[in-house]
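Residue strings, one per chain:
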Amino acid sequence: MDWQPDEQGLQQVLQLLKDSQSPNTATQRIVQDKLKQLNQFPDFNNYLIFVLTRLKSEDEPTRSLSGLILKNNVKAHYQSFPPPVADFIKQECLNNIGDASSLIRATIGILITTIASKGELQMWPELLPQLCNLLNSEDYNTCEVGTRRRACPGGSREPDWGSRPPACPLPTQGAFGALQKICEDSSELLDSDALNRPLNIMIPKFLQFFKHCSPKIRSHAIACVNQFIMDRAQALMDNIDTFIEHLFALAVDDDPEVRKNVCRALVMLLEVRIDRLIPHMHSIIQYMLQRTQDHDENVALEACEFWLTLAEQPICKEVLASHLVQLIPILVNGMKYSEIDIILLKGDVEEDEAVPDSEQDIKPRFHKSRTVTLPHEAERPDGSEDAEDDDDDDALSDWNLRKCSAAALDVLANVFREELLPHLLPLLKGLLFHPEWVVKESGILVLGAIAEGCMQGMVPYLPELIPHLIQCLSDKKALVRSIACWTLSRYAHWVVSQPPDMHLKPLMTELLKRILDGNKRVQEAACSAFATLEEEACTELVPYLSYILDTLVFAFGKYQHKNLLILYDAIGTLADSVGHHLNQPEYIQKLMPPLIQKWNELKDEDKDLFPLLECLSSVATALQSGFLPYCEPVYQRCVTLVQKTLAQAMMYTQHPEQYEAPDKDFMIVALDLLSGLAEGLGGHVEQLVARSNIMTLLFQCMQDSMPEVRQSSFALLGDLTKACFIHVKPCIAEFMPILGTNLNPEFISVCNNATWAIGEICMQMGAEMQPYVQMVLNNLVEIINRPNTPKTLLENTAITIGRLGYVCPQEVAPMLQQFIRPWCTSLRNIRDNEEKDSAFRGICMMIGVNPGGVVQDFIFFCDAVASWVSPKDDLRDMFYKILHGFKDQVGEENWQQFSEQFPPLLKERLAAFYGV
């Protein structure tokens, strides 16, 4: 029996739908209450579907709204719909997917896919067969393919006699719309046994529709199949050649949406089935060269992704080398701002520094928790992170052709290196000196994009180019000034390698002017570029500190909200780069008052605290005792932030319906600043710790469910252990088991910091560490032997094993053979320092207890010893005794044979330093 509405009820629902379109907030509130009441009646949802599918007398927006309210109900509590209601809704959807109105078809499609996503695909066995049957609502063969203009083999077009493609039946469009959404949401399920593998029928069916006369249907059909490429669905793999053939047939389709989906398919196939594309690669590359210049930007963007993906394939160099001559100019051309970009970026607005930022312009910042690392030989900041910010037009944070072209050029520069330059340099000259600013700007972007990959080949041109770029910093167009900042930052490493008066000084002077530019985008680009320069130049900046601080402090009074956050980063990076050189009364007097003023202005709930706390953490570490006058209020506030967050988390756990979950970033940043204070102030932090409950809070933080909280807790524990062990020692019995359970390399950074903290605790505990050795030793040995363990974790693990052996050699030495080889290889590249010193003393003491444990891997021990540049005298004696002891033990002849295996450099060093 078909369900029928009660007339009075129907009027009530219609009135509600009318009211809900009112802009009045009071009316909206009444509507929300009324909806809550009506949702108590199970058949309210029947009324909603009835209005959507059958009440043709109503206007379409009202009917669609009825469907959207129903969709929200399905999302929220479909599980509690009575079966007759659920069945009625499902049947109505299928009967009306071909409604005459595109809005109603789309609404019903959304409804079907929402029901399907509630795990209903299994419970709705007739859905897929019926949707697929609807695709047959006419025979796709009756559409004459010839009604579309196809390119002739010779490339010219057939004459278009104006024949219109026959109209596509609406049920087909509606069904395809719904199927595409289901394919997007449930691709894995469709390829599983749970539904009896419907894809075996669906994929061949979709492929038939590639030849359909309606562009909308062709586009849907490709989009549906595309959902299954990345997962390598078996049904698609079985039809892969047909699929590729059909794609080629659609290559010159008139419809941009179809061309876009063809390009998207080829990009994905490049990743998962390159084997099937290789035979056609030459033609595909030619095709993509054309599409990257498509007059429809969406098509061009999809095609441009092809170059990014190809660059990651091992065959890239081989297949692309002969096409670079065509490709490079196309990518360079794509790097110009479009007219739309310039409008969106307010490219004609030169001065906007007085305009306050709108809050949605400010991206959420995520705090990166502290990770403890060791200094390496010849270490320099890793440039790999710069590649992330491949261009500075963040207001267009949506991916666009300019960004994609620049990213493609960047990765190709890394593949082809200097071989790219013959195709680029002739273009670059014309671009960089072009009278039109848009062209000139794109040239500067090109120069920045190739910086990483082509650096060696660019070096001869840099003495001429860098001054030109520095000149561009004072161009009259703001967008030229901002891109010049970015590109110069990509060459900062080279600039710093030259005598400072050559380029560093002029670059720094101009960048500091740009930090005070009248345009906000330029301020932002200059601040970021200056931070990169600081990382590269480090102490080279010390002579100019006064001038730098004057500029950065002046910017404090000038900047709007968003750039203020970037300014904190530039100040923090400066502190990291020049370290204790900042600890001069004159500098402290300039820097600290504005920072503390901001600190006092911000409330505990304000997320702007994150970058400010990070900045202060760097400043405190650099200033050391110079930070003493400011430390008390800063310390107290950090403890309060941790305490508040923990209390809020506790309330939320107990009453999730009454309280919101806290933002734990507040606690993480506060813990990191406390680490900075402990590191900077050293023993001075003791009185602050004594007067607070930080150890109790730390005990809770170390057991938090969020890995980043634990990570920062262990960093702080290690820093407090170094600074004031007197307060840590009473807690050791409680802390050690927690540290032991966190030696889990699944959470790399947590594990790394816990390992480091254990090593610091060893050095303070001495022989009293003995009861805790077994809690941690097995995990540490397991980690050092794991394949693919990150370098930082390996090094910290080796140091801590060494330190454990230093304080408890009898307990650790029996396991020597299980870790000596990876121990030696992971510490050979670390610079001489205190941590390395204590770890090597530990290894020597363990060898004393268990010399047999090192015999098989003695060559690795020799190599590790040779990595020391200047060990302390008593450590050198330990090495000497072990080396000579081994030599005496095996006898002169065996030692000669053994040392034959040494590389020449190792042989020389051991002979020179230790006489063996």
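In this text the structure is predicted, and so the values were computed from the model without any measurement.

## So, the overall build of the chain
Helices and strands together make up the secondary structure of the chain, namely 50 helices and zero strands. Its C-alpha atoms put the chain at 95 × 70 × 65 Å along the principal axes. A buried classification covers 55% of the 916 residues belonging to the chain. In the chain, once contacts between residues fewer than 6 apart in sequence are set aside, the share between residues at least 24 apart is 76%. Total accessible area on the chain is roughly 40,200 Å²; 52% of this is exposed by carbon and sulfur atoms. Taken together, the 79 basic and 122 acidic charged side chains of the chain have centroids lying 2 Å from each other.

## Some points on the packing of helix H16 (residues 281-291) against helix H17 (residues 297-311)
Here H16 crosses H17 at 135 degrees, and the two axes come no closer than 8 Å. Taken together, the axes of H16 and H17 lie oblique to each other. The element H16 and its partner H17 pack so that their crossing is left-handed. Where H16 abuts H17, its residues Met281, Ile284, Ile285, Met288, Leu289 and Arg291 lie against Val299, Ala300, Ala303, Phe306, Trp307 and Leu310. Of the residues belonging to the contact of H16 with H17, the class tally is 11 nonpolar, no polar and one charged.

## What about unusual backbone geometry?
For Arg232, which is not glycine, the phi torsion reads 50 degrees and is therefore positive. Assignment of secondary structure puts Arg232 in the loop between helix H11 (215-226) and helix H12 (234-238). Positive phi outside glycine occurs at Cys538, with the angle close to 45 degrees. Along the chain, Cys538 turns up in the loop between helix H29 (520-537) and helix H30 (545-558).

## Observations regarding the UniProt feature "domain: Importin N-terminal" (unreviewed entry) in the chain
Residues annotated by UniProt as "domain: Importin N-terminal" (unreviewed entry) correspond here to residues 31-99. Taken end to end, residues 31-99 comprises 72% helix and 0% strand; its first and last C-alpha atoms sit 28 Å apart.

## What to know about the side chain of Ser577
Of note, Ser577 is situated in helix H31 (residues 561-578). By relative accessible area, which is 10% here, Ser577 ends up buried. Polar side-chain contacts of Ser577 include one of 3.1 Å to the backbone oxygen of Glu534. Beyond its immediate chain neighbours, meaning those up to four positions away, Ser577 contacts Glu534, Glu535, Cys538 and Thr539.

## Observations concerning the packing of aromatic side chains
Taken as a whole and judged by the stated rule, the model has 27 aromatic pairs. When the ring of Tyr78 is compared with that of Phe81, the centres are 5.2 Å apart and the planes differ by 55 degrees; the resulting orientation is tilted. Judged by its relative accessible area of 4%, Tyr78 falls in the buried class. For Phe81, a relative accessible area of 9% gives the class buried.

## With respect to the pattern of salt bridges
Between side chains of opposite charge, a pair can form when the charged atoms approach closely. Following the criterion strictly, the structure yields 45 salt bridges and no others. Residues Arg63 and Asp99 are paired through a salt bridge, measuring 3.2 Å at the closest nitrogen-oxygen approach. Taken together, the positions of Arg63 in helix H4 (residues 60-77) and Asp99 in the loop between helix H5 (83-96) and helix H6 (102-120) put the pair 36 residues apart, joining distant regions of the chain. The residues Arg63 and Asp99 share a single accessibility class, namely buried. The shortest N-O distance in the salt bridge between Asp253 and Arg218 comes to 2.8 Å.

## Here's the deal with a nonpolar patch on the surface
A cluster of nonpolar side chains, contributed by Met651, Tyr652 and Tyr659, occupies part of the molecular surface with about 250 Å² of accessible area. Here Tyr659 lies in the loop between helix H34 (628-654) and helix H35 (665-681). Residue Tyr659 is classed as partly exposed on the basis of its relative accessible area, which comes to 33%.

About the criteria used
The residue numbering used here restarts from 1 in each chain and proceeds along that chain's sequence as written. Local features in this predicted model are restricted to residues whose pLDDT is 70 or higher, and side-chain atom pairs enter the listing and the counts only when it is 80 or higher, whereas totals over whole chains, interfaces and linings include all residues. Working from all heavy atoms in the structure, the side-chain values ignore hydrogens and water. Only DSSP runs of H or I reaching four residues or more are called helices, and only runs of E reaching two or more are called strands; each is numbered from the N terminus. With a 1.4 Å probe rolled over the protein chains alone, any residue whose accessible area is under 20% of its type maximum counts as buried; one over 50% counts as exposed, and the rest are partly exposed. Residue contacts are counted whenever heavy atoms from the two residues lie within 4.5 Å of one another. Values of accessible area rely on a 1.4 Å probe in the Shrake-Rupley scheme; residue burial ignores everything except the protein chains shown. Note that His is not counted, nor are the chain ends; the positive residues are Lys and Arg, and the negative ones are Asp and Glu. Charge placement uses NZ in Lys and CZ in Arg. For Asp and Glu, CG and CD serve respectively. Axes, fitted as lines to C-alpha atoms, cover a helix only where it is in contact. Angles between the N-to-C directions of the axes lie from 0 to 180 degrees. For classification, angles of less than 35 degrees are called roughly parallel, those exceeding 145 degrees roughly antiparallel, those between 65 and 115 degrees roughly perpendicular, and all remaining angles oblique. We call a crossing left-handed when the near helix sits turned anticlockwise from the far one by less than a right angle, and right-handed when that turn is clockwise. Side-chain classes are defined by residue name, with Ala, Val, Leu, Ile, Met, Phe, Trp, Tyr, Cys and Pro counting as nonpolar, Asp, Glu, Lys and Arg as charged, and the others, Gly among them, as polar. UniProt positions are given in the numbering used here, feature names are shortened, and annotations may be inferred rather than shown by experiment. Pairing of N or O atoms within 3.5 Å defines a polar contact, subject to two protein rules: one partner must be a possible hydrogen donor and the other a possible acceptor, and residues neighboring in sequence count only if both atoms are side-chain atoms. Within 6.5 Å between ring centres, the rings of Phe, Tyr and Trp (the latter by its six-membered ring) count as paired, and their orientation is classed by plane angle as stacked under 30 degrees, edge-to-face over 60, tilted in between. Think of a salt bridge as a Lys or Arg side-chain nitrogen and an Asp or Glu carboxyl oxygen that are within 4 Å of each other. Patch criteria: residues need more than 30% relative accessible area and no salt bridge. Like-charged residues are merged within 9 Å; nonpolar side chains of Val, Leu, Ile, Met, Phe, Trp and Tyr are merged within 5 Å.

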